[in-house]
Amino acid sequence: MGKFKDLYNYCQTLKPKVSRRNIEQKTLELTGVKKVKAIKSSLDTKVCRGFFLSAENAEHPIVKLFGGNHVIVLARDQNYCWERFVYTKELMHLFDNDDEPTDSAEKFEKLLTDLEAPTATEPPSKQLISERKGLWMALSCLCPEANRIEFQSLLDKGHIDFYGIALQLRIPEQYVPLLFQSRYEAIVQNLIK
Amino acid sequence: MGQQLELAKKRLFDKDALAVTNIKLFPGSSRDATANDFAEQINKAISQIESGDFVEVNLDSEVAA
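Note that the coordinates shown come from a computational prediction; the quantities given were computed from them, not determined experimentally. (Residues numbered from 1 in each chain as written. Chains lettered and ligands numbered in written order. Predicted model: local features only at pLDDT ≥ 70, side-chain atom pairs only at ≥ 80, totals over all residues.)

**Q** Would you mind showing me how to read the overall build of chain B here?
**A** Scanning chain B for helices and strands turns up two helices and two strands. The C-alpha atoms of chain B give 15 Å as radius of gyration, which overshoots the globular expectation for 65 residues (11 Å, by more than 25%). Each of the three principal axes of chain B carries a C-alpha extent, and together these read 45 × 35 × 20 Å. Expressed as a percentage of the 65 residues in chain B, the buried residues total 40%. (Helix = DSSP H or I, 4+ residues; strand = E, 2+ residues; numbered from the N terminus. Rg over C-alpha atoms; globule rule 2.2 N^0.38 Å. Buried ≥ 20, exposed ≤ 12 C-beta atoms within 10 Å, placed from the backbone.)

**Q** I keep staring at the sheet that holds strand 2 (residues 48-55) of chain A and nothing clicks. Help me out?
**A** Consider a sheet: its strands pair through backbone hydrogen bonds, and that pairing is either parallel or antiparallel. Spatial ordering of the open sheet is given by 1(B)-2(A)-3(A)-1(A)-2(B), a layout of five strands whose pairing is mixed. In the strand order of this sheet, the two ends are held by strand 1 (20-27) and strand 2 (55-56) of chain B, each with one partner. (Pairing = 2+ DSSP bridges.)

**Q** Sorry if this is basic, but what is going on with the pairing of strand 1 of chain B here?
**A** Residues in a regular strand project their side chains so that they alternate between the two faces of the sheet. Across the eight residues of strand 1 of chain B, seven count as buried, placing the element largely inside the fold. Two elements, strand 2 of chain A and strand 1 of chain B, share seven bridges in a ladder whose sense is antiparallel. When the sheet's bridge partners are listed, A:C48 is paired in strand 1 of chain B with B:P27.

**Q** Can you walk me through the interface of chain A and chain B in this structure?
**A** The partner chain B presents 45 residues to the 52 residues of chain A that form the contact. Among the secondary structure elements, those contributing two or more residues to the side of chain A that touches chain B are helix 2 (20-31), strand 1 (36-41), strand 2, helix 3 (61-65), strand 3 (70-75), helix 4 (80-91), helix 5 (105-116) and helix 6 (126-142) of chain A. The residue makeup of the side of chain A that touches chain B, split by class, is 21 nonpolar, 15 polar and 16 charged. Note: strand 1 of chain A against strand 2 of chain B, two bridges, orientation antiparallel. If you follow A:I39 over to strand 2 of chain B, its bridge partner there is B:E56. (Contact = placed C-beta atoms within 7 Å. Nonpolar A, V, L, I, M, F, W, Y, C, P; charged D, E, K, R; others polar.)

**Q** Explanation requested: the nonpolar core in the structure shown.
**A** Nonpolar side chains in soluble globular proteins generally cluster together in the buried interior. Judged by nonpolar contacts, the single largest core of 61 residues is most densely connected at A:F51, A:L53, A:I72, A:L112, A:L142, B:I23 and B:F38. In contact with A:L142, other than residues within four places in its own chain, are A:V18, A:F85, A:T88, A:L169 and A:I171. (Core = buried A, V, L, I, M, F, W, Y, C linked by C-beta atoms within 7 Å.)

Here's what the structure looks like:
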């Protein structure tokens, strides 16, 4: 995750709303990936808001269509803030460690089953942990720490609410409270260590 | 396991299909979604992409710093 730390540090130099183009360019530079294609398709947002896909069969029409690049598929039917957040979370999978990709039918089935209802008898799979990490990584890129501290102070004074913060960050309001949970800093420190 | 999940496993991971090396997803708002429901959405999206039913996202609309 060393490379993510560099992205995180770069994002600290940006101001809300943090541009996805900036995050994308820095991510490509740090990971050595040439390009990521982002497209919109008709996904049911009750079930799935988007997905990240890397495939290697050069003969397959979809791989040919996207020139062998990684693809981020986003649901058409979601607002701008959701689109930004889902895109950024999926982009974070370019930082997946060697053991985190969902690269077999068995891991895929386990991931989907765990997303349906996490297991209670064994530790979460690397793939599921990577999904969770992506969410916190996206959050920490889209809200620079200096702004988060400022928002915390405004919240303490009762001068702003979560909706007002969501509007400035241009992320879904439901993720704003996560920024102010007591575990937030520990999670981010773990991501950038 | 459901039919959609079985279909997705083959379409994604067979070496003569996509030969996927990584797939991750952002679950939607319903807590009732099953593994088969997730697979169905992925299958749908793959079929749409194959038939050209998609639009590219233009990130340039977001002003760079």
